[in-house]
Amino acid sequence: GQRGPCGGTLAWRWLLGILPFLTPALVGNGWTGETVWHEVRTHRGTVEIVRDETPAGTVFRVRHEGKPILDATEYDSVAFHLTYPEPPAARLVLLSLITGRNNCPNLYALIEIPDRGEPRLTQEFGNCSPFATVRWLGHGLRIDIPRIGRAAAQSWVYAAGKLRRIRARPKPPSQQEPAR
């Protein structure tokens, strides 16, 4: 083919120029469409995260058995951080809400799948750290989020259908950072 001033063929450069516009048509169902991003089995069916490409932008939809729980337009992505207990018996699903912002890259929300009734979604919470750890306390789920940057560590407990922040336990002296 014909060569451009930089030595590449004009046809190749033309294709590279329109590729960003073609990409949505090559992925999913065209310019708009839903793609199941992630799914997890619970004791009462499937929770799925669906990525929906709309003309206005990407929307992440979280659904339980097809019924909406969350429509997230303000996040770059939504993912399952963990479930408790393990699938397919999961009753609690911790979502990682990825903001894409440098100053606060990650928040969380928790979904409870009760024995009866609709799933419950907590408010978003966290200190922006993507490194939460979780443990079962016998009466509820404890979520510990480590310090990140200047944001202090946080601890949360989800029990009896309620999320509450608790005082984070101080680290043992051997694990504390030296004073500056």
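None of the values given here were measured: they were computed from a predicted structure.

(A) Local environment of the sheet that holds strand β7 (residues 104-112). Pairing in this open sheet of 4 strands is antiparallel, and the strands run β5-β6-β7-β8 from one edge to the other. Pairing within the sheet leaves two strands with one partner each, and these edge strands are β5 (77-84) and β8 (120-121). Sheet analysis places β5 next to strand β6 (residues 92-101), joined by 7 bridges and oriented antiparallel. Bridging across to β6, A79 finds its partner in S96.

(B) Representation of the pattern of salt bridges. Scanning the model with the defined rule gives 9 salt bridges in all. For D144, the salt bridge identified is with R135, shortest N-O distance 3.5 Å. Salt-bridge contacts for D144 lead to R142; the nearest nitrogen and oxygen are separated by 2.8 Å. Looking at D144, the relative accessible area reads 17%, which means it is buried. One salt-bridge network, in which partners are shared between bridges, spans E34, D52, R61, R63 and D71.

Rules behind the numbers
- Residues numbered from 1 in each chain as written.
- Predicted model: local features only at pLDDT ≥ 70, side-chain atom pairs only at ≥ 80, totals over all residues.
- Heavy atoms only, no water.
- Pairing = 2+ DSSP bridges.
- Helix = DSSP H or I, 4+ residues; strand = E, 2+ residues; numbered from the N terminus.
- Salt bridge = Lys/Arg side-chain N within 4 Å of Asp/Glu carboxyl O.
- Buried < 20%, exposed > 50% of the residue type's maximum accessible area, 1.4 Å probe, protein only.

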